[in-house]
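Chain residues, written in single-letter form:
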Amino acid sequence: MGSSLLLVVCFLVGMLGVVGQKSRPAVVNVGALFTYNSTIGRAAKLAIELAMEDVNADEGVLAGTKLNVIMQDTNCSGFLGTIEALQLMEKDVLAIIGPQSSGIGHVISHVVNELHVPLLSFAATDPTLSSLEYPYFLRTTHSDYFQMKAISDMIYYYQWREVTAIFVDDDYGRGAISALGDALAEKRAKISYKAAFPPNPDSNVINDLLVRVNLMESRVYVVHANPDSGMMIFSAAKSLGMMSSGYVWIATDWLASVLDFSGSADPHTMSLLEGVIVLRHHTPDTDMRRRFISRWNRVRNESESLNTYGLYAYDSVWLAAHAINQFLTKGESTNFSNDPRLHDANGSTLHLATLQIFDGGEQLLQQLLLANFTGLTGQIEFDPARNLIHPAYDIWNIGGTGYRMIGYWSNYSSLSVISPEILYEKPSNSSASSQQLYSVIWPGETTDKPRGWVFPNNGKPLRIGVPNRASFKDFVSKSSGPDNVSGFCIDIFNSAIKLLPYPVPCSFILIGNGTKNPNNDDLINMVAKNDLDAAVGDIAIVRNRTKIVDFTQPYVESGLVIVAPVNHRSSSAWAFLKPFTLEMWLVTGGFFLFVGIVVWILEHRTNMEFRGSPRQQLVTIFWFSLSTMFFAHRENVMSTLGRFVLIIWLFVVLIINSSYTASLTSILTVQQLSSGIKGLDSLISSSVPIGYQVGKFTRNYLIEELSIAESRLVGLNSPEEYARALELGPKNGGVAAIVDEMPYIEIFLSEYCKYRIVGQEFTKEGWGFAFQRDSPLAMDLSTAILTLSENGDLQKIQDKWLSRKGCSSDDEEIDSNQLSLASFWGLFLVCGLICLITLVIFFIKIGWQYCQYKRSKTEQDKPEEIPTSNSNKQLPNKQPPKRLGSLTSFRELVHFVDKREEEVLSVIKRKSSDKEHPTRQTSEG
């Protein structure tokens, strides 16, 4: 019973399999839409035929269902391409491979959206064919979005900032160039000029276009054209001399399609492309691809050259076959239904009613997106944005009769000389330090990287705005010379221009009437608005200006300072007391007496010059103490401790004398402020009027940054007005101080010596030349300014215009401080410790001598014993010895200290000799 049931189940399963197989259609139709007679179309046609042959020969793909590819020729026409696409829809195609053109792709995408027929484009690279707008459009090649990122990375790698885009003016060209502009903006570069030409241009149109391009300053050209008309650009460029040294040509993958890697190089074509950089879709060098190329070469005609688009067309057929197989395996049907909205109007012969909706279009689209297999172009798999994974490009450099690989670009690691397949196995690293390409042979057969731009060759000189100053004309002023202007800033600019490796014609335009200093902010705004090409003069580089223009390297350091009037202070009769504070005077005098007493104590017992009557000794102490101030002491110091103390004290006296002399000199010559302003803090906290130079950024800085009331500010034009306002002072309608940049103040103080700089510079900026945003002249002139600084020419120009004999001591300290004890307490501490240590040693020595002296005196006072033979005879009465305490009174101690050391030592020595004498007598007996 069980075996019978098992046989029934197996029979039913087999029958269901047979029914499932029978449900598969015998033939499935897939459309192919491209231009037969084109560089891409010729490769695509044969590739599709070979792919269809391989799919039908592989029983594991469609399991008995035959794939039929219906090809339609768009004839390189958007209108005809649309008609051909509609005709394909009438043939119940499950998918369409193509179109080749991005323009036709935009139109056909609307049709397939309505009919739910997936569109697999192997050549429409326009980035604007987004999956959100066109859900049934699926790109089986890489979008130009990635190619333009590769070009942007190359521009950044070679440090160019501007490019000229030469492109075909259709959806394919406009979409790619828009993506290029976005990619360059991320690298702080830009497209300076867009040169568009029609889809089918003639040689005259191309020639006129390149003439206009050659007048622009950029020499980096990105060419994005169709393969069938792009070579006209290089032919015209060659005849115009634009393929010579200094030019950079970067061609997108269209040129690689023309050259194709399997065909032989045409010497004439290669001569037109000398030095060009070309991008080509990267395809891994696998056995599968090599076998296909070998097969292609056996079956192709002479006009059919394989390119990467042919490989993508081949993989597109396999992608459709795999997806249809999965679609049918899941039991989906290939049914079509009518759309009631599609009907022919009365009298119409368009046959719109024949267009039907593919009922399983959504399911087939999902199977296409789930594809995961290896094709001729690598791994066929889509990311969440419906782009093929691992976009990568080979970078070629054309030279001689061929081309060579200089590197790769991939979205995984950017520029590299290592194949992307190897890098995919390593951690992603697209940092600037890891970018690398091999050397390039540029147009003109040079290996030196072109600068990338030249001064525009349109006959128009550079419009240079120059402030027509009414004062401080040493910096810039109107003159009768050839340039119409002169001055320090003009000489710097002209010297830097001469260092550039290309001519820069300039036209200087004076801004201002010469009676009032113009506002430099207005000059900068004129540059930003393109009324001027540049501004040259005493223009400070400040934050708000750098937002709208580009500055060169600063050629002068500058900063805001405060200038205030000073008065000479007359010396008083007691000026000699002011170098030291009262505390310092008291401590110094006390130490003179203290050291004199210490030396007297140390010398009194050994030095006759420190002995005598009490009056004489007191005079000696005072005389010795004060005479050391002038190193005029006459008493000789004989003891070792006394000499040591005297050496230390004389060193302290030397320091005190030197400091006193310097401080007294400063006090007698110093100048003091009459306004009471000592620096920035006191200026801000006060309410006195402040002067500033008209036309400079100082006014805005004081108001916006320091919050100083506008009512306190007084505009001044010249050094004479500076001096007059300071002379009047705030009480008489003048100002208490002037705030201006250091270069102006140095000139002002060289003429008016009664004023001085107060405090320190409180800003740090410099002067530079202003250019329009992203102007390459700013960078080149910065290099020239650094060269002037290094070779000494900058200093020579400064000496020529700004070298003047100024007032002495410009940086002199205005306010004088008395010397206090804080400056010398270390010296006094060391000296005091030395004195105390010597006194301790001295008194230890005195104590030891006193003990020896006391014993000697006690033994001398004992009565002598009379020897006798009668032992019974009574000895005479002896007086009891005096107590020890009777000799240790303070008075006796003072008397001992006052004794001469020679006398004390003689008593001690006598005791020692007496001890030795009885010993000698005993030994004789």
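Anything mentioned here points back to the structure above.
Before going into details, it helps to say that this report is about the structure given with it. Keep in mind that what you see is a predicted model, and the values were worked out from it rather than measured. (Residues numbered from 1 in each chain as written. Predicted model: local features only at pLDDT ≥ 70, side-chain atom pairs only at ≥ 80, totals over all residues. Heavy atoms only, no water.)

## Remarks on the overall build of the protein
If you tally the helices and strands in the protein, you get 30 helices and 32 strands. Approximately 45700 Å² of the protein is accessible, and the part contributed by carbon and sulfur atoms is 55%. (Helix = DSSP H or I, 4+ residues; strand = E, 2+ residues; numbered from the N terminus. Areas by Shrake-Rupley, 256 points an atom, 1.4 Å probe, with all protein chains shown as cover.)

## Considering the packing of helix H6 (residues 144-157) against helix H7 (residues 171-186)
Running from N to C, H6 and H7 point in directions that differ by 45°, and their axes come no closer than 8 Å. Classified by the angle between their axes, H6 and H7 sit oblique to one another. Every pair of crossing elements has a handedness; the one defined by H6 and H7 is right-handed. Between H6, through Asp144, Tyr145, Met148, Lys149, Ile151, Ser152 and Ile155, and H7, the contact on the second element is made entirely by Tyr172, Ala176, Ala179, Leu180, Ala183 and Leu184. Counted by class, the contact of H6 with H7 contains ten nonpolar, one polar and two charged residues. (Axes fitted to C-alpha atoms, helices over the stretch in contact; angles between N-to-C directions. Parallel < 35°, antiparallel > 145°, perpendicular 65-115°, else oblique. Left-handed = near helix turned anticlockwise from the far one by under 90°. Contact = heavy atoms within 4.5 Å. Nonpolar A, V, L, I, M, F, W, Y, C, P; charged D, E, K, R; others polar.)

## Comments concerning a nonpolar patch on the surface
A contiguous nonpolar patch, built from Trp825, Leu829, Leu833, Leu836, Ile837 and Ile841 and spanning about 590 Å² of accessible area, is present on the exposed surface. If you trace the backbone, Leu833 turns up in helix H28 (residues 825-860). (Patch = residues over 30% accessible without salt bridge, like charges linked within 9 Å, V, L, I, M, F, W, Y side chains within 5 Å. Salt bridge = Lys/Arg side-chain N within 4 Å of Asp/Glu carboxyl O.)

## Some details on the packing of aromatic side chains
If you walk through the whole model with that rule in mind, you get 33 aromatic pairs. Sitting over the ring of Tyr156, Lys187 keeps its end group 5.1 Å from the ring centre. In this structure, Arg451 packs its charged tip against the face of Trp453, placed 5.8 Å from the ring centre. (Phe/Tyr/Trp six-rings, centres within 6.5 Å; stacked < 30°, edge-to-face > 60°. Lys NZ or Arg CZ within 6 Å of the ring centre and 35° of its normal.)

## Description of the side chain of Thr269
Inspection of the secondary structure puts Thr269 in helix H11 (residues 267-272). The class of Thr269 is buried, set by a relative accessible area of 17%. Setting aside residues no more than four positions away along its own chain, Thr269 makes contact with Met231 and Leu259. (Buried < 20%, exposed > 50% of the residue type's maximum accessible area, 1.4 Å probe, protein only.)

## Observations concerning the packing of helix H2 (residues 39-57) against helix H13 (residues 308-329)
One can describe the packing of H2 onto H13 by two numbers: an axis separation of 8 Å at closest approach and a directional angle of 35°. Between H2 and H13 the crossing geometry is right-handed. Contacts from Ile40, Ala43, Ala44, Ala47, Ile48, Leu50, Ala51, Met52, Asp54 and Val55 in H2 reach Tyr309, Gly310, Ala313, Tyr314, Val317, Trp318 and Ala321 in H13.

## Quick notes on the sheet that holds strand E5 (residues 137-139)
Strand order in the open sheet formed by five strands is E2-E1-E3-E4-E5, with parallel pairing between adjacent strands. Two strands close off the open sheet at either side, each with one partner strand: strand E2 (66-73) and E5. Shown here is a sheet whose adjacent strand axes are inclined to one another by a mean of 25°, direction ignored. Inspection of the sheet shows strand E3 (residues 95-97) paired to strand E4 (residues 119-121) by two bridges, in the parallel sense. Within E4, the residue paired with Ile96 across the bridge is Leu119. (Pairing = 2+ DSSP bridges.)

## Comments concerning the nonpolar core
Counting 75 residues, the largest nonpolar core has Ile48, Leu67 and Phe122 as the members making the most contacts within it. Of the residues forming this core, the biggest block, 14 residues, is contributed by H13. Within the second largest apolar cluster, 71 residues are counted, among which are Phe472, Val485, Ile757 and Ile797. (Core = buried A, V, L, I, M, F, W, Y, C linked by side-chain atoms within 4.5 Å.)

## Overview of the side chain of His282
Tracing the backbone through its elements, the reader meets His282 in the loop between strand E10 (277-281) and helix H12 (287-299). Ignoring anything within four residues of it in the chain, the contact list for His282 reads Tyr312, Thr377, Ala392, Tyr393, Asp394, Tyr408, Ser419, Pro420 and Glu421.

## Some remarks on the pairing of strand E7 (residues 190-197)
In the sheet, strand E6 (residues 162-168) pairs with E7 via seven bridges, with the strands oriented parallel. Looking at the pairing, Val168 lines up with Phe197 of E7. Following the backbone out of E6, through H7 and into the adjacent parallel E7, one traces a crossover that is right-handed. (Right-handed = clockwise from strand over helix to strand, strands pointing away.)

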